[in-house]
Amino acid sequence: MTHTSRRRVLKVVGLMTGASAAGLFGALPRLVTAQNNATTAPLDDFIQVSQQLTERKDLSPRLGAALLLALGKTEKDLASRLPALKGLLQAQPALLQAERLAFPAEHGDSEKLARVILGAWYEGVVGKGKQAQYVTYLNTLSNTLVSGKLVPPSFSYGPCGSWSRQP
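Conventions used here
- Residues numbered from 1 in each chain as written.
- Predicted model: local features only at pLDDT ≥ 70, side-chain atom pairs only at ≥ 80, totals over all residues.
- Heavy atoms only, no water.
- Helix = DSSP H or I, 4+ residues; strand = E, 2+ residues; numbered from the N terminus.
- Core = buried A, V, L, I, M, F, W, Y, C linked by side-chain atoms within 4.5 Å.
- Buried < 20%, exposed > 50% of the residue type's maximum accessible area, 1.4 Å probe, protein only.
- Contact = heavy atoms within 4.5 Å.
- Axes fitted to C-alpha atoms, helices over the stretch in contact; angles between N-to-C directions.
- Parallel < 35°, antiparallel > 145°, perpendicular 65-115°, else oblique.
- Left-handed = near helix turned anticlockwise from the far one by under 90°.
- Nonpolar A, V, L, I, M, F, W, Y, C, P; charged D, E, K, R; others polar.
- Salt bridge = Lys/Arg side-chain N within 4 Å of Asp/Glu carboxyl O.

Novice: Is there a simple way to think about the environment of Leu118 in this case?
Specialist: On the secondary structure map, Leu118 appears in helix H6 (residues 108–123). Separated by 64 residues in sequence, Leu118 and Thr54 place their C-alpha atoms 6.9 Å apart.

If you want it as structure tokens, here you go:
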């Protein structure tokens, strides 16, 4: 039989109180759940599907990983829906030849996921409302496509860093 010293009990109680005050216990289950969901969808599949949808081969794997992580937090059953979308696009590549993205009614969920993925790459935001995950701004496809002609609007006037110098 082991005896727990008073000092050890006080240490454990102190650690639990500190962690509770910092909000770690409340956030931990959501954090673990989000990480588990995000890691179940393979990045290679996500990049391949994204390349098909955007018709671009130069997508950033680093940005793709960030978008996939955010999608794992906001999209239910992403791990099972992404392979279904990948299989559909491989079986019926003609779906992407239409002027507008429109899948047959029986593939409505895949169309919805395809639209979410396209929105993530072009807007840099995943999800809606309070669940929205802001992933990137300057590296979005919408800003990348016009970067040679336009400067994306930002939160400040002038070029980046101009606010740090005194006029």
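Novice: I'm lost on the nonpolar core in this one. Help?
Specialist: As a rule of thumb, soluble globular proteins bury nonpolar side chains together. If you look at the biggest cluster of nonpolar residues, it comprises 28 residues, and the most contacted ones within it are Phe46, Leu53, Leu85, Phe103, Ile117 and Trp121. Only helix H3 (43–54), helix H4 (61–74), helix H5 (78–91) and H6 provide two or more residues apiece to this core. If one sorts the elements of this core by residue count, H6 sits on top with 6 residues. The residues contacting Leu53, other than those within four sequence positions of it, are Leu85, Leu89, Leu96, Ala114, Ile117 and Leu118.

Novice: Looking at this structure, how should I read the packing of H3 against H5?
Specialist: Any two packed helices are characterised by the angle at which their axes cross and by the distance between the axes. Running from N to C, H3 and H5 point in directions that differ by 45°, and their axes come no closer than 10 Å. Overall, the two elements H3 and H5 adopt an arrangement that is oblique. Of the two possible hands of crossing, H3 and H5 adopt the one that is left-handed. Between H3, through Asp45, Phe46, Gln48, Val49, Gln52 and Leu53, and H5, the contact on the second element is made entirely by Leu82, Leu85, Lys86, Leu89 and Gln90. Broken down by class, the residue content of the contact of H3 with H5 amounts to 6 nonpolar, 3 polar and 2 charged.

Novice: How should the pattern of salt bridges be read in this particular structure?
Specialist: Note that side chains of opposite charge can pair when their charged atoms are close. The tally for this structure, following the rule as stated, stands at 5 salt bridges. Note that Arg56 is salt-bridged to Asp58, the shortest N-O span being 3.0 Å. With relative accessibility at 52%, the residue Asp58 sits in the exposed group. Where salt bridges share partners, they join Glu75, Arg81 and Asp109 into one cluster.

Novice: Whenever I open this one, unusual backbone geometry confuses me. Can you help?
Specialist: Across the chain, the bulk of peptide bonds are trans and the bulk of non-glycine residues have phi less than zero. Phi is positive for Glu55, which is not a glycine, with a value near 60°. Following the sequence through the fold, Glu55 ends up in the loop between H3 and H4. Relative accessible area serves as the criterion here: at 59%, Glu55 is assigned to the exposed category. A positive phi angle, close to 55°, is found at Asp77, a residue other than glycine. If you trace the backbone, Asp77 turns up in the loop between H4 and H5.

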